Amino acid sequence: MSERNVTNKKADKVIRAMTNDGAFRVITALTTDTVRGAIASQNAKGTVAGRFGELVTGALLIREAMSPNLRVQGILKGASGKGSIVADAHPDGTNRGLVGFSGTTGEDMAGGKGALLKMMRTLPNGSLHQGIVEVSFEAQDGGISGALMAYMQHSEQIVSTIAVATLLEGDEVVAAGGYIVELLPEVERGPLMIMTQRLEDFPKLDDILRKGNLTPNALIEDLLYGMPYTLLAESDLRYACHCSELRVLSSLATLPRSDIEDLLRDNKPLEITCDYCRKEYGIQPSQLQALLMAS
C-alpha cells in the first residue's frame, strides 16, 4: 500500500490538549481532505495552491485556539497588492476559501517580502477582532507559519510555535496538517527548557506528512512526549460551503429597489455563481418580483 493511500484513509480532525502542569496547550490537525476540497473548488495550482492550503489549515487552528465556537477568517494579500487568498473557518468544522489569482499567476506568493496577512475572528458580542502582520516567504522567515506566530504574539499576546504545511505532488494534495504549541502563564523554567529544545529538534512538518502516517493524536504524543497531558476536545473537519438559494435571495433583498427592477427588465432568470464553491443558482423572475413585493 502506498503512503498516499495510507494518508487518504485518515479522517480530518483537530484535537486540543493541555499538559497537566498547565505549562502548554497543544492543538494538532489533519486537514488533507479539507485542503483538497478547498483547492479543487478554486482550481488553484502550484505555489498558490500550497499557500492556500497552508492558510486554510492556519485559519482553523487559530479558530480552535482563540474562538472554537465562532468564525475565523484569514486573508493573505500578495506583495503586489493585485491578488489575495482567503480562508474561512466555521465553528461547525466546515472550511472553505477563495483564491484571487488565476492559475499559477500569483508570482508574488513564491518568495520575498511584502505580503500581508490579516486574521479576523468574531467575538462573542458580535464585533470583530483583527490583526495584520507582514509575511515573508524566505525560508528563514517561516512563511505563513511564521506570520501566524507573529499574529498570535502581537495581536493575541500569546507566545506560540506554529507549523502548517501542504504536501503537493504535481497538482494533487497528498497531505496537509498543522499544529500550535502555546506557552501558558503557568509554565516553569524546567518544562520551558525541555519544550524549547524539543521544538528546535522536532522534524519539519513537511517531512512528517511525507511519511504518510500523520494523525492528530500521534502528533500530540510526539510533541508532548514524557509530559502528562489531558485531551480537551476533538472535532471533525471538512470542506463545505454555506451557500444556498435562500442566502442568495437574502443578499439580493439588500439591493435598492431600483436595482432589482433593473434585473427584472428582460424577464429572464438571473444566473449567480458562488465564488467559494462555484455552484450555480438560477433565480427566477417570479422570485425577484417577490422581493419587490416584500419591500
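Below, the structure is looked at part by part. The shown structure was predicted, so the numbers you read here are calculated from the model rather than taken from an experiment.

Further remarks concern the packing of aromatic side chains. Under the counting rule described, the total for this entry stands at one aromatic pair. When the ring of Tyr179 is compared with that of Phe202, the centres are 5.9 Å apart and the planes differ by 80°; the resulting orientation is edge-to-face. Of this pair, Tyr179 sits in strand E9 (residues 172-183) while Phe202 sits in the loop between helix H5 (189-201) and helix H6 (205-210), and the two are 23 residues apart along the sequence. The ring of Phe137 has Arg51 lying over it, and the distance from NZ or CZ to the ring centre is 4.1 Å.

Turning next to the environment of Tyr276. Its location among the elements puts Tyr276 in the loop between strand E12 (270-273) and strand E13 (280-283). For the pair Tyr276 and Ala240, spaced 36 residues apart in sequence, the C-alpha separation works out to 9.3 Å. Among residues more than four places away in sequence, those in contact with Tyr276 are Ser41, Gln42, Gln73, Asp88, Arg96, Gly97, Leu98, Tyr239 and Cys241.

So, about the environment of Gly126. Within the fold, Gly126 resides in the loop between strand E6 (115-122) and strand E7 (128-135). Classification of Gly126 as exposed rests on a relative accessible area of 54%. Sequence-wise, Gly126 and Val26 are 100 residues apart; in three dimensions their C-alpha atoms are separated by 27 Å.

This paragraph deals with the pattern of salt bridges. Per the counting criterion, the structure on display carries 12 salt bridges. Arg16 serves as the salt-bridge partner of Glu64, at 2.8 Å between the closest nitrogen and oxygen. Highlighted residues: Glu64 in helix H3 (residues 46-66) and Arg16 in strand E1 (residues 13-19), separated in sequence by 48 residues. Pair check on accessibility: Glu64 and Arg16 agree, each one buried. The network of salt bridges with common partners includes Arg16, Arg63 and Glu64.

So, on to helix H10 (residues 285-294). Among the residues making up H10, those that are buried are Pro285, Leu288, Leu291 and Leu292. End-on, the buried residues of H10 take up no more than an arc of 115°, which puts them together on one face. Exposed and facing more than 90 degrees away from the buried side of H10 are Ser286, Met293 and Ala294. Next to the buried residues of H10 lie helix H8 (245-252), helix H9 (257-263) and E13.

Let's shift gears to helix H2 (residues 32-42). The element H2 is extensively covered by neighbouring structure, given that eight of its 11 residues are classed as buried. Of the residues making up H2, those classed as buried are Thr32, Thr34, Val35, Gly37, Ala38, Ile39, Ser41 and Gln42. Trailing H2 by a residue or two, Asn43 shows a phi angle of about 55°, which is positive.

Bringing the pairing of E12 into the picture now. Relative to E13, E12 is paired through four bridges, and the arrangement is antiparallel. Opposite Thr273, over in E13, you have Glu280 as the bridge partner. Counting the residues that bridge the hairpin from E12 to E13 gives six residues, and of these Arg278 lies at a positive phi of roughly 70°.

Let's shift gears to the sheet that holds strand E10 (residues 229-236). Spatial ordering of the open sheet is given by E8-E9-E2-E1-E10, a layout of five strands whose pairing is antiparallel. Of all strands in the sheet, those with a lone pairing partner are strand E8 (160-169) and E10, marking the two edges. Averaged over all neighbouring strand pairs, the angle between strand axes comes to 10°, with direction disregarded. Along the sheet, helix H7 (residues 216-223) makes contact with E1, strand E2 (24-30), E9 and E10, crossing E2 at roughly 145°.

A word on the sheet that holds strand E4 (residues 84-89). Spatially, six strands are ordered E7-E6-E3-E4-E5-E11 in an open sheet, and the strand pairing comes out mixed. Only two strands of the sheet have a single partner each, and these edge strands are E7 and strand E11 (238-239). Sheet topology places strand E3 (residues 72-77) next to E6; six bridges connect them, and they run antiparallel. Residue pairing for E6: Gln73 is matched across the bridge by Met120. Its contacts with the sheet put helix H4 (residues 143-155) on E3, E6 and E7, and the angle it makes with E7 is roughly 135°.

On to the layout of surface pockets, then. The computed volume of the largest pocket comes to approximately 580 Å³. Lining the largest pocket are 25 residues, with Glu54, Gly142, Ser145, Val164 and Asp206 sitting closest to its centre. Secondary structure elements with two or more residues in the lining of the largest pocket: H3, H4, E8 and H6. Residue contributions to the lining of the largest pocket peak at six residues, all from E8. Lining the second largest pocket are 15 residues; nearest its centre among them are Cys243, Arg247, Val248, Ser251 and Cys274.

Conventions we followed
- Along each chain, residue indices are assigned from 1 in the same order as the chain's sequence is written.
- Side-chain atom pairs in this predicted model are given and counted only at pLDDT of 80 or more, local residue features only at pLDDT of at least 70, and totals for whole chains, interfaces and linings cover all residues.
- Think of the side-chain values as coming from all heavy atoms in the structure, minus any hydrogens and water.
- Any two of the Phe, Tyr and Trp rings considered here, Trp counted by its six-membered ring, make a pair once their centres fall within 6.5 Å; the pair's planes then place it as stacked at under 30 degrees, edge-to-face at over 60, or tilted in between.
- Strands are runs of DSSP state E lasting at least two residues, helices are runs of H or I lasting at least four, and both sets are numbered from the N terminus onward.
- Comment: the charge-over-ring label is applied if NZ (Lys) or CZ (Arg) is within 6 Å of the ring centre and within 35 degrees of the ring normal.
- Only heavy atoms enter the contact rule, under which two residues are in contact if any of them lie within 4.5 Å.
- Buried, partly exposed and exposed residues are distinguished by accessible area as a fraction of the type maximum, computed with a 1.4 Å probe on protein chains only: under 20%, between the cut-offs, and over 50%, respectively.
- Salt bridges are defined as contacts in which a side-chain nitrogen from Lys or Arg sits within 4 Å of a carboxyl oxygen from Asp or Glu.
- This arc is taken over the directions from the axis of the helix to the C-beta atoms.
- Strands pair, by our definition, only if DSSP identifies at least two bridges between them.
- Helix axes are fitted only over the stretch in contact, all axes being lines through C-alpha atoms; the angle between N-to-C directions runs from 0 to 180 degrees.
- Points on a 1 Å grid over protein atoms alone make up a cavity when a 1.4 Å probe fits among them but cannot get out, and a pocket when they form an open set with protein on both sides within 12 Å along at least five of seven lines; lining residues each have an atom within 4 Å of a point.
- Grid points are joined across faces, edges and corners, and a volume is the space filled by probe spheres set on the points.

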